[in-house]
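Remarks on the overall topology
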Amino acid sequence: MKQYCYYQSPIGRLLLIGEQGLLEEIHFPNSADHAVIEDNWHHDEECFADVLQQLEEYFAGDRRSFKVKMRLKGTDFQRRVWQELRQVPYGETASYGEIAERIDNPKACRAVGGANGKNPIPIIVPCHRIIGNDGSLTGFGGGLELKKKLLRIEKITLK
C-alpha cells in the first residue's frame, strides 16, 4: 500500500510518496506533475520520519547529502543519470554535457536533460544542480524560481 505525507518546507509544501518504507516520489507545489492521492493510500508521517528529518536539516543548512531509503523507478538510462546526479556535491553544479560524459555517453546531452526532468525524487537526487553547458539556468520541474531558491540554499550563484 502506498503511503504519503506532506512536508511544509521553506520552498513550499512538498508531497512525499512511497511504499514499503522506500521513498519513491517528491512533488513540488504547483509542479506540472500533480500527483493524485488515491483513496487506498495511507497518510503516514512516521514511515517518512527519517526523510523528513533529513529534509529539515538540509533546509536549515546542516545537511549536505542524503542517506534515504528509496526506489528510483525509471529506465536503465534514467537510473544511470539519476545515480550520477547524486555524485554532484552540495554547493556545486554540473552541466548536462558533463553528466553525459560521466555516464560514458557524451552525445546524450538532450537525453540527460530528459532524464533530469523526469527525476522522481528531486532535492535528494539533486537535479537542481544541473545547468546548461554555458552556465545558464535551464528548465526545472518545479519552475526556475524554485530552482534558484534551491541553489541559493546551497549558496550557489550563477553568472
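Everything below is about the structure shown above.
What counts and how
- Residues numbered from 1 in each chain as written.
- Predicted model: local features only at pLDDT ≥ 70, side-chain atom pairs only at ≥ 80, totals over all residues.
- Heavy atoms only, no water.
- Buried < 20%, exposed > 50% of the residue type's maximum accessible area, 1.4 Å probe, protein only.
- Helix = DSSP H or I, 4+ residues; strand = E, 2+ residues; numbered from the N terminus.
- Arc of directions from axis to C-beta.
- Contact = heavy atoms within 4.5 Å.
- Salt bridge = Lys/Arg side-chain N within 4 Å of Asp/Glu carboxyl O.
- Pairing = 2+ DSSP bridges.
- Axes fitted to C-alpha atoms, helices over the stretch in contact; angles between N-to-C directions.

In this section: helix 2 (residues 76-85). Among all positions of helix 2, only Gln78, Val81, Trp82, Glu84 and Leu85 are buried. Buried residues of helix 2, seen end-on, are gathered within an arc of 160° and therefore sit on one face of the element. For helix 2, the secondary structure elements touched by its buried residues are helix 3 (96-102), helix 4 (109-117) and strand 6 (130-131).

Turning to the pattern of salt bridges, a few remarks are in order. On inspection of all chains with the given rule, the structure shows nine salt bridges. The closest approach of N and O atoms between Glu154 and Arg129, which form a salt bridge, is 2.8 Å. Linking Glu154 in the segment after helix 5 (144-153) with Arg129 in the loop between helix 4 and strand 6, this pair joins segments that are 25 residues apart in sequence. The burial state of Glu154 is the same as that of Arg129; both residues are buried. A single network of salt bridges, built from pairs that share partners, joins Lys2, Glu19, Glu24, Arg71 and Lys73.

This part is about helix 4. What helix 4 keeps buried is the set Val112, Ala115 and Asn116. Projection of helix 4 onto a plane perpendicular to its axis shows the buried side chains occupying an angular sector of 100°, all on one side. Every exposed residue of helix 4 that faces more than 90 degrees away from the buried side is listed here: Arg110 and Gly117.

What follows deals with the sheet that holds strand 4 (residues 42-43). Here four strands make up an open sheet; going across it, the order is 3-2-1-4 and the pairing mixed. Two strands in the sheet have a free side with no partner beyond their single neighbour: strand 3 (22-27) and strand 4. Packing of helix 1 (residues 49-59) onto the sheet brings it into contact with strand 1 (2-9), strand 2 (12-19) and strand 3, and relative to strand 1 it is tilted by some 20°.

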